Amino acid sequence: MTVSTKEIAAAMPVQGRKVRFDWVPYLFILPHFLFFVVFAAFPFFLGLFISFFEYDILRPEATQFVGLKNYLSLFTRGTVEFPVFWNALINTIEFVLMSVPFLVIIPLFLALLLNTNLSGKNVYRAIYFAPWVMSSAVIGLLGFWIFQSQGGLLNYYLKDLGIDTPRWLSSMPWAWVSILIVTVWWTSGFNMIIILAALQNIPATLYEAASIDGASWWQRFRYVTIPQLRPVLVFIVIITIIASFNLFAQPLFMTNGGPAQSGGGGSTEPIMLRIYNEGFVRNRMGSGAAMSFVVALIMIFVSYFNFRLFRTRE
Amino acid sequence: MTTINEPNVVQRVSRDWQQSHRFQRIILYAVLTAIALLVILPLLWMLSTSLKPKSEWFLPQIYWIPRTFTWNNYQKILDNDSLPIARWFFNSIFVSSTVTVLILIIDSTAAYAYARMEFKGKRMLFGLLLATLFLPGIMFLVPNFLTVTKLGLLNNYAGVIVPGLAGVFGVFFMRQFFESLPKELEEAAYIDGATRVETFLYIALPLAKPALATLGIITFLASWNDFLWPLLVLKDRELLTLPPGLRTLQGAYTSEYGQMMAGAVITSIPVLFLYILLQRYIVESVQTTGLKG
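Rules and cut-offs
Residues numbered from 1 in each chain as written. Chains lettered and ligands numbered in written order. Predicted model: local features only at pLDDT ≥ 70, side-chain atom pairs only at ≥ 80, totals over all residues. Helix = DSSP H or I, 4+ residues; strand = E, 2+ residues; numbered from the N terminus. Rg over C-alpha atoms; globule rule 2.2 N^0.38 Å. Buried ≥ 20, exposed ≤ 12 C-beta atoms within 10 Å, placed from the backbone. Domains from an automatic or database assignment. Contact = placed C-beta atoms within 7 Å. Nonpolar A, V, L, I, M, F, W, Y, C, P; charged D, E, K, R; others polar. pLDDT = per-residue confidence, 0-100. Axes fitted to C-alpha atoms, helices over the stretch in contact; angles between N-to-C directions. Parallel < 35°, antiparallel > 145°, perpendicular 65-115°, else oblique. Core = buried A, V, L, I, M, F, W, Y, C linked by C-beta atoms within 7 Å. Expected span 1.5 Å × (residues − 1). Bend = angle between axes of the 7 residues up to and from the residue.

Chemist: Looking at this model, I keep getting lost on the overall build of chain B. Mind explaining?
Modeler: Across its full length, chain B carries 13 helices and 0 strands. Put simply, chain B runs from its N terminus to its C terminus through helices and strands in the order α-α-α-α-α-α-α-α-α-α-α-α-α. For 293 residues, the compact-globule formula gives about 19 Å, and the C-alpha radius of gyration of chain B, at 25 Å, lies well above that figure. Overall size of chain B, expressed as C-alpha extent along the three principal axes, is 75 × 70 × 35 Å.

Chemist: In this structure, what is going on with the overall build of chain A? I would like to understand it.
Modeler: In terms of regular secondary structure, chain A is built from 13 helices and 2 strands. In terms of overall dimensions, chain A is more spread out than a globule: its C-alpha atoms have a radius of gyration of 26 Å, far above the 20 Å expected for 314 residues. With 314 residues in all, chain A has 38% of them scored as buried.

Chemist: Help me understand the domain arrangement of chain B, please; the structure alone is not making it clear to me.
Modeler: Residues and elements named next belong to chain B. Each domain of chain B was delimited in the assignment, giving domain 1 (7-73) and domain 2 (82-289). A C-alpha centroid distance of 33 Å is found between domain 1 and domain 2. Listed as interface residues are 8 residues of domain 1 and, on the opposing side, 7 residues of domain 2. For the side of domain 1 that touches domain 2, the element with the highest residue contribution is helix α1 (residues 7-50), accounting for 4 residues. Among the residues making up the side of domain 1 that touches domain 2, the classes are represented as 3 nonpolar, 3 polar and 2 charged.

Chemist: Please clarify how the confidence of the model for chain A should be interpreted in this entry.
Modeler: Detail in the predicted coordinates should be disregarded across regions flagged by low pLDDT. Mean pLDDT over chain A stands at 87; residues scoring 70 or higher make up 93%. Mean pLDDT per element in chain A: helix α1 (residues 5-11) of chain A is the minimum at 57, and helix α6 (residues 136-146) of chain A is the maximum at 95.

Chemist: How should the packing of helix α4 (residues 81-114) of chain A against helix α12 (residues 271-281) of chain A be read in this particular structure?
Modeler: Geometrically, a packed helix pair is captured by the angle between its two axes and the distance between the axes. All names here are of chain A. Interhelical geometry of α4 versus α12 gives an angle of 150 degrees and a closest axis separation of 8 Å. For the element pair α4 / α12, the angle class is roughly antiparallel. Two secondary-structure elements touch here, α4 through Val84, Phe85, Ala88, Leu89 and Thr92 and α12 through Ile271, Leu273 and Arg274. Here the contact of α4 with α12 is built from residues that sort into 6 nonpolar, 1 polar and 1 charged.

Chemist: Would you take a moment to explain the interface of chain A and chain B for this structure?
Modeler: In many analyses, interface size is given as the accessible surface area lost on bringing the parts together. At the interface, 82 residues of chain A touch 81 residues of chain B. A total of 19 residues in the side of chain A that touches chain B trace back to one element, the largest contributor, which is helix α2 (residues 24-50) of chain A. Class assignment for the residues of the side of chain A that touches chain B results in 66 nonpolar, 12 polar and 4 charged.

Chemist: I would appreciate a short explanation of the nonpolar core in the present structure.
Modeler: Across soluble globular proteins, nonpolar side chains have a tendency to be buried as a group. Counting 140 residues, the largest nonpolar core has A:Leu141, A:Ile195, B:Ala110, B:Met174 and B:Ala264 as the members making the most contacts within it. Leave out the neighbours within four places in its chain, and B:Met174 touches B:Asp107, B:Ser108, B:Ala111, B:Ala208, B:Ala211 and B:Leu215.

Chemist: Sorry, what's going on with the environment of A:Ile193 here?
Modeler: Relative to the helices and strands, A:Ile193 is located in helix α8 (residues 174-200). Assessed through the 26 C-beta atoms surrounding it within 10 Å, A:Ile193 is described here as buried. Residues A:Ile193 and A:Pro251, 58 residues apart in the sequence, show an inter-C-alpha distance of 26 Å. Excluding residues that lie within four positions of it along the chain, A:Ile193 makes contacts with A:Phe129, B:Val283, B:Val286 and B:Gln287.

Chemist: I tried to follow the packing of α6(A) against helix α12 (residues 242-252) of chain B on my own but got confused; where do I start?
Modeler: Contact geometry for α6(A) and α12(B): axes closest at 9 Å, N-to-C directions at 25 degrees. Relative to α12(B), the element α6(A) is oriented roughly parallel. When α6(A) is examined against α12(B), the residues A:Ala137, A:Val138, A:Leu141 and A:Phe144 are found in contact with a partner set consisting of B:Pro243, B:Leu246, B:Arg247 and B:Gln250. Within the contact of α6(A) with α12(B), the residues separate by chemical class into 6 nonpolar, 1 polar and 1 charged.

Chemist: I'm lost on α2(A) in this one. Help?
Modeler: Three- or four-residue spacings in an α-helix give side chains the same orientation, since the helix completes a turn every 3.6 residues. The end-to-end C-alpha separation of α2(A) is 37 Å, in line with the 39 Å expected for 27 residues at 1.5 Å each. Of all the bends found along α2(A), the most pronounced is centred on A:Pro43 and spans about 50 degrees.

Chemist: Where do I start with unusual backbone geometry in this structure?
Modeler: In most cases, non-glycine residues show a negative phi, while peptide bonds are predominantly trans. The omega angle of the peptide bond from A:Met172 to A:Pro173 is 0 degrees, so this bond is cis rather than trans. On the secondary structure map, A:Pro173 appears in the loop between α7 (153-160) and α8. In this structure, A:Asn256 is a non-glycine residue whose phi angle is positive, near 50 degrees. Take A:Asn256: it is sitting in the loop between α11 (249-254) and α12. The class for A:Asn256 is partly exposed, based on 16 C-beta atoms found within 10 Å. The phi dihedral of B:Asn155 falls on the positive side, at around 60 degrees, and the residue is not glycine. Along the chain, B:Asn155 falls in the loop between α5 (141-150) and α6 (157-164). We classify B:Asn155 as partly exposed; it has 14 C-beta atoms within 10 Å.

Here it is as structure tokens:
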């Protein structure tokens, strides 16, 4: 049976004909769009709006317009917010810089190991990925137990090996090292899976040609694998930076942002924990919103910068 | 780059490869297994601690397999009325299932319209959805908390569920799927006189089952594991879901690690079980989508 496009057009309701207002598509998008407007589009403006106010959700009557004060106090020495905000922001940036290389190189290494025709490699793949399906709360609580200096699993084995056992969660830089290790354990599998998929898409002919040209293992890796992987590695770097910026549960459970330091703010307090404390523990919503806008701006800038870097190299 | 058609060249290359790599293969297995152990041991330690009496948590000697198996830690947290973990478990089930079902419904209908229907403002509206993909989630915490409070949904399951329905990932994911379907089936339905709603319900949706399953699993996992948002919204202890519940558990049992680990096991078992059952689905969905959001 052959049907002309004209017949189809005639059969399809409304399409292409001016009858009356076609409301069916709007009904289809409406439920999602309502939620979207209230909880994804509008919050952008509400957040900006509230950041110009001194606002305590428990004392709404005390609300007052303060203009740019919530922003200015983040950039003025001597305010209460200045040291704690920058402490947390710098902590977070340090964590991003520390964690991203590990979270790219280890998954890349794992993916390369699994990118062979080994039997049973799917089992290994499944095991490496497994921690990722658990909640950050479980990861944090488990880290809290394993890194205990008294009775924790890690120090037990370190003692066995005759290695000096640090107080992991309450001394620096070990508190950060603990959080880093736990995070690498939790999320490496995720990045590995994505890199592995990209590896499997590299045409085998490229490797064969390289072998015939006498390329060594390293040369094949350097001149075939890495250039072929570049787009996915850039993608991984971007999403990992964002994920590391959002660090929250691990320090909350493991160190509660501590150990405390003399300059104010905790040594392992990330920016998410600072915003949480500012907005939801101290109930200073306006200031919390201002902080999150400044951080969001930084995150958008970093992602854009990464993206550009990648585009110009293409 | 030349393509190789000569079979003997390919064979020779691969034979050389196999021979020189037989020994390396053994080493590779050893390395892979060692890493697998490193990955899995913390989980076993969690389970092991939860099944031990307190006297074995801190022993000078560590036993991976408890000398005395005990359900006591589970018993204790299940019996503790001020930490109703059984209730949290059902709260988690309720919240995650509701989020999953609602997202599947509203996202697939919206996605179908964006993929297959023409309407005024479609490009603009879809562009608006796209734009929010670039906004970090951190910006939404304070304003969404205020909105939820204003709507009277604070300390209420709805307050946990509803903001998640605004997500755009599911719409993009389903739209991409609908666009990949051949148009002919739907066109045949129109010729038979079906309306668009009927075509969507009886033609497009049944074809979308694999995509819906993938979206459903990802949504359920993400909702089950969500920690920060329910921590903000839910205040009453009876209403907590498991992840924020674990924080309460940690506060209540400052050094009762057996109880804490029992809570962690209870929180993880459903997702690990799902993972073991649907491993291929989950891994492949992560691979194909890169999982944004």
